[in-house]
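Chains, contacts and geometry: an overview
Each chain, written out:
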Amino acid sequence: MRGRTRAQQAALLASPDDTEAQFYEALQHADLDHLMALWADDEEVACVHPGGPRIVGLPAIRAAFATVFERGTVNVHPERVRRLHSGDCAVHHVLERVQLHAESGQTAPTSWVIATNVYLKTALGWRLVLHHASPGSAGDVQELVMDAGTLH
């Protein structure tokens, strides 16, 4: 997204879905600059990798993803996205399917991650302010959606 005007950047991030699609694309290509361009310019942005600590601030998030990308691309695909959108904030609950790297000639094993992505509408379009990922399991694929009904 370098080299684009503010208006061009905002147009590319016109919705939380646009920003989310670019986030997963950046992971799949290990494109650190593109991934970091999707984050809000705020010192309170945060990221939690599965089983890891809370990482706060753009420099720390950049360093964490740089470490992840040292192992190569992240073959992750969002599935079963649930969306909550209110005004200038959007929350996406995502089941991520991650294809792990396999030995030559072998089928890559699949792992599952449960993630929450929070987006904020800014002058530069929708930007990521939180990515919180937790280890999931194959059972999460069998997600049950129950009727909330009346709680009292």
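As a starting point, this report considers the structure included with it. (Residues numbered from 1 in each chain as written. Predicted model: local features only at pLDDT ≥ 70, side-chain atom pairs only at ≥ 80, totals over all residues. Heavy atoms only, no water.)

Moving on, we get to the nonpolar core. In terms of nonpolar packing, the biggest core is built from 33 residues, with Phe23, Leu27, Leu35, Trp39, Ile61, Phe65 and Phe69 touching the most fellow members. Secondary-structure elements contributing two or more residues to this core are helix 2 (16-29), helix 3 (32-37), helix 4 (58-69), strand 4 (89-99), strand 5 (110-122) and strand 6 (125-135). The element best represented in this core is helix 4, accounting for five residues. Each residue touching Leu35, except ones within four places of it in the same chain, is listed here: Phe23, Ala26, Leu27, Phe65 and Phe69. (Core = buried A, V, L, I, M, F, W, Y, C linked by side-chain atoms within 4.5 Å. Buried < 20%, exposed > 50% of the residue type's maximum accessible area, 1.4 Å probe, protein only. Helix = DSSP H or I, 4+ residues; strand = E, 2+ residues; numbered from the N terminus. Contact = heavy atoms within 4.5 Å.)

Put simply, the largest pocket is a space of about 490 Å³. What lines the largest pocket is a set of 23 residues, and nearest its centre among them are Pro50, Val68, Arg71, Val74 and Val98. Counting only elements with at least two residues in the lining of the largest pocket, the list comes to helix 2, helix 4, strand 3 (75-86), strand 4, strand 5 and strand 6. Grouping the constituent residues of the lining of the largest pocket by class yields 13 nonpolar, eight polar and two charged. (1 Å grid on protein atoms, 1.4 Å probe; cavity = no way out; pocket = protein on both sides within 12 Å on 5 of 7 lines; lining within 4 Å. Points joined across faces, edges and corners; volume = space filled by probe spheres on them. Nonpolar A, V, L, I, M, F, W, Y, C, P; charged D, E, K, R; others polar.)

Once that is clear, we can look at the environment of His29. Among the structural elements, His29 can be located in helix 2. Owing to a relative accessible area of 55%, His29 belongs among the exposed residues under this scheme. Taking the C-alpha atoms as reference, His29 lies 9.1 Å from Phe69; in sequence the two are 40 residues apart. A polar side-chain atom of His29 sits 2.9 Å from the main-chain carbonyl oxygen of Glu25. (Polar contact = N/O pair within 3.5 Å; in protein donor to acceptor, adjacent residues only side chain to side chain.)

Attention shifts here to a negative patch on the surface. A contiguous patch of negative charge on the surface is contributed by Asp41, Asp42, Glu43 and Glu44. Within the fold, Asp42 resides in the loop between helix 3 and strand 1 (46-48). (Patch = residues over 30% accessible without salt bridge, like charges linked within 9 Å, V, L, I, M, F, W, Y side chains within 5 Å. Areas by Shrake-Rupley, 256 points an atom, 1.4 Å probe, with all protein chains shown as cover. Salt bridge = Lys/Arg side-chain N within 4 Å of Asp/Glu carboxyl O. Lys, Arg positive; Asp, Glu negative; His and termini not counted. Charge placed at Lys NZ, Arg CZ, Asp CG, Glu CD.)

Purely spatial values, then, with no claim about function.
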